[in-house]
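Each chain is listed here by its residues.
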Amino acid sequence: MEILHREGLARVGKFRTAHGWIETPTVMPVINPNLIVIEPQRMKQLGASAIITNAYIIRRSPDLNARATSHGVHSLIGFDGPVMTDSGTFQSHVYGSVEYGNLDMVEFQKSIGSDIGTIRDIFSEPTDSHEKAARAVRETFERVGEVEDTGGMILAGPIQGSVYPDLRARSARLMSGSRAGYLPVGGVVPLLESYRYRDLVSIIMASRLNSDPSKPLHLFGAGHPMFLAMSVLMGIDMFDSASYIKYARDSRFLFPDGTRDLAKMVEFPLWSPIYNRYSIQEFMKLDPESRVREIAWHNLTAIFMEIREIRERIMEQTLWQYVEGKSRSHPALFDAFRWICRHSASTMPFHEISRKSPFHFHDRMSMQQPVARRLLNHAGRIMKSSDEIWILHPDIFSGGDSQDPVLRQVYERTGAQIAFMWNSVPVPLELKDTYPVQQSISSGAASFRIPAAVHNYGNARIITRDELPEILKGEPIRDMDMNQVRAIADFQFDPGIGMRIFDGGSSVRVSRSTGRIRTVSQSGRILATLRPHDGFFTLSMDGARKLIAASGDRFMVTVTGDSAEYNSKGFNVFSKFIISHDPDILAGNETVVCGDDGKPVAVGRAMVSGREMGKYRAGVAVKVNHGSQEASDNGN
Ligand code: GUN
């Protein structure tokens, strides 16, 4: 997979099949080869780029079998784009055992020209014991091993493991290391049908966090638009949907956040393809076949409308906020969202250092977002290690006008750690111009919880407006700008790094018009420039050298000699040339590029997190800002 845009675990990407590229995230409509209600080729109008059908059904029917064997599955279905086939596992789950074996089904899928073919995995039930589910995981893995030659077909190796996160994790690791190039998360239909979204969160998280990110992750049987955004947020790339037709047969209409019965509807929504073509009464009088076809088309529209929204959200990096709002549409979804929040510590390494869009604070739950949790963890560590803490009353500052001169005057007249209340949580004042504080929009729903803030840190006291005149009588004893740049570097890289990169001889240049920090230099050479959009640093080559010396060779990737030569001239680093890297690099953070001799040759922004780096075979891993052989490199 190649990643084009990302937000945490969610990604917009693409991968190649024998019949063309599939852009993700997307949904493959399920086509029943016995009964094609909407021509698959027509579905392209809505954005369907791939479809899924069932090789077992094709194989069992002498007529379909003969046609597929002679002319291929694409001709049988009438679709010239990528076609995935399933193997009959789900049928054996519903109807009992099926007559064809694993290799038999894989060979058949190859012979009919499937782009993505599925092994005969073992479907574990949510009620299965741990022992039984573990056996199924092992057996499913062994079945992938039976396939020696995929003949150009991408092999789908389902992740099973029932409701047990440890088994899902094991299955994901086994499948990631196998010949399977495509990973569907299977055995989840019973959970979806019974709204057990919380279990789904645990399953998806365990699957995603333990699988190879270069292999597309599919959620088998989850085509309702209601659960798509949440699944994508957890890293699902692909879905299949039979719901568009199943619901249509029951006269049910899909909406982005739920389902409605035709009998209870008063109007069609404006976006529906049926809108303005019939009144509800006229629609009810249509013959059943036309009615099912029309509703199925409406349902596909709802699904692809939601997919488009999700893609747009990832591109603007507001998917988390979208899911946060959407989760309120159903209590089970809300519960699942809370469960996602509970996982935010394990997903934090995948989240960008900052986002393109402002941080939205609705209520306390918004603070569970990994970007906020990272700040709060850092703030907590600083506060715990401070001997004396002054917490500014929100009347003085709560994240509004960060250039108010009073802040500097107070700051410079004490040696205490100063914090302010940002959405009810104390945050070091030095981070007032850094994401997410700097770029945030608050509902104001946070109350100022003085007692809690002070209670948490025994050595803290609240500074009120009344105390300012007395404080301001003192003489300055420290420099805010220098402390601020060090504090930002500590947050951006690691505690203690700021002091080591920006040591005694450093000087800070501040914008005359805005009063904001612009650059930090040493001996007339720029080490770092503060990015106006998120308040973090970009480094010069000098700064990059200091960073790796100060951190003991962290925040760096090592690339092949050929790549190093190219990168030193300012060209980007491609994933496939990375030899080793720091796994803790955050996406969007400054990353130093070194040749295989360990010498820094470039510095730039990581396009993926350290957890994913080197795993993708295609795409840019570090967008280079400065190369050591560039004229603009400060003259080094
Ligand atoms: N369709 C829905 N669930 C599954 C599953 O677990 N395995 C396969 N192969 N197909 C499915």
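Structure report, in brief. This structure is a prediction, so every number in the text was calculated from the model and none was measured.

Backbone torsion omega between Thr24 and Pro25 reads -5°, so that peptide bond is classified as cis. Inspection of the secondary structure assignment puts Pro25 in the loop between strand S3 (20-24) and strand S4 (26-31). Between Tyr435 and the following residue, Pro436, the backbone shows a cis peptide bond with an omega angle of 5°. Among the secondary structure elements, Pro436 is positioned in the loop between strand S17 (425-428) and strand S18 (440-442). Even without being a glycine, Ser162 presents a positive backbone phi close to 50°. Along the chain, Ser162 turns up in the loop between strand S8 (154-156) and helix H8 (165-176). Backbone geometry places Phe555, a non-glycine residue, at a positive phi of 60°.

This next bit is on the pairing of S4. Across the six residues of S4, five count as buried, placing the element largely inside the fold. Of the strand pairs in this sheet, S4 and strand S5 (residues 51-54) are connected by two bridges, and their pairing is parallel. Bridge pairing in S5 places Val30 opposite Ile52.

Moving on, we get to the nonpolar core. Membership of the largest hydrophobic core comes to 98 residues, with the highest contact counts inside it found for Tyr197, Leu219, Phe227, Met230, Phe253 and Leu319. The dominant element in this core, judged by the number of residues it contributes, is helix H14 (residues 288-316), at eleven residues. Beyond its immediate chain neighbours, meaning those up to four positions away, Met230 contacts Val323, Ser327, Leu333, Ala336, Phe337 and Ile340. One finds Phe361, Leu376, Leu392 and Ala544 within the second-largest nonpolar core, a separate group that totals 57 residues.

A separate point is a nonpolar patch on the surface. A cluster of nonpolar side chains, contributed by Tyr566, Phe571, Phe574 and Phe577, occupies part of the molecular surface with about 360 Å² of accessible area. Among the secondary structure elements, Phe574 is positioned in strand S25 (residues 573-574).

Here we come to the site of the ligand. Within the structure, the ligand sits among Asp86, Ser87, Thr89, Phe90, Thr118, Asp121, Phe123, Gln160, Gly186, Gly187, Val189 and Phe220. Side-chain polar atom of Asp121 to a nitrogen atom of the ligand: 2.8 Å apart, as the coordinates give it. In this structure, Gly187 approaches the ligand through a main-chain N or O atom, which is 2.8 Å from an oxygen atom. Here the ligand is seated within the largest pocket. In terms of residue class, the shell around the ligand is built from four nonpolar, six polar and two charged.

How each quantity is defined
- Just so you know, the residues in each chain are numbered from 1, in the order the chain's sequence is written.
- Confidence filtering applies because this is a predicted model: local features only for residues at pLDDT of at least 70, side-chain atom pairs given and counted only at 80 or more, and all residues used for totals across whole chains, interfaces and linings.
- Calculation of side-chain values draws on the structure's entire complement of heavy atoms; hydrogens and water are dropped beforehand.
- Going along the chain from the N terminus, every DSSP run of H or I of four or more residues is numbered as a helix, and every run of E of two or more is numbered as a strand.
- Under the scheme applied here, a residue whose accessible area is under 20% of the maximum for its type counts as buried, over 50% as exposed, and between as partly exposed, the area being computed with a 1.4 Å probe on protein chains only.
- Whether two strands pair comes down to DSSP finding at least two bridges between them.
- We define the nonpolar core as a collection of buried residues of types Ala, Val, Leu, Ile, Met, Phe, Trp, Tyr and Cys that are connected through side-chain atoms lying within 4.5 Å of one another.
- Throughout, a residue-residue contact means that at least one pair of heavy atoms, one from each residue, lies within 4.5 Å.
- The residues that make up patches have over 30% relative accessible area and no salt bridge, and they are joined within 9 Å when like-charged or within 5 Å when they are Val, Leu, Ile, Met, Phe, Trp or Tyr.
- Surface accessibility follows the Shrake-Rupley procedure with a 1.4 Å probe radius. Residue values consider only the protein chains on display as shielding.
- Definition used for salt bridges: Asp or Glu carboxyl oxygen within 4 Å of a side-chain nitrogen of Lys or Arg.
- Any residue with at least one heavy atom within 4 Å of a molecule or strand is counted as near it.
- Here a polar contact is recorded for every N or O atom pair within 3.5 Å, except that within protein the pair must consist of a potential hydrogen donor and a potential acceptor, and residues adjacent in sequence are included only if both atoms are side-chain atoms.
- Only protein atoms enter the 1 Å grid used here. Points where a 1.4 Å probe fits but cannot escape make up a cavity, open sets with protein on both sides within 12 Å along at least five of seven lines make up a pocket, and a residue lines them when an atom lies within 4 Å of a point.
- Molecule-in-pocket calls rest on the fraction of atoms, with more than half required to lie within 2 Å of the cavity or pocket grid points.
- Here the nonpolar group is Ala, Val, Leu, Ile, Met, Phe, Trp, Tyr, Cys and Pro; Asp, Glu, Lys and Arg are the charged ones; every other residue, Gly included, is treated as polar.

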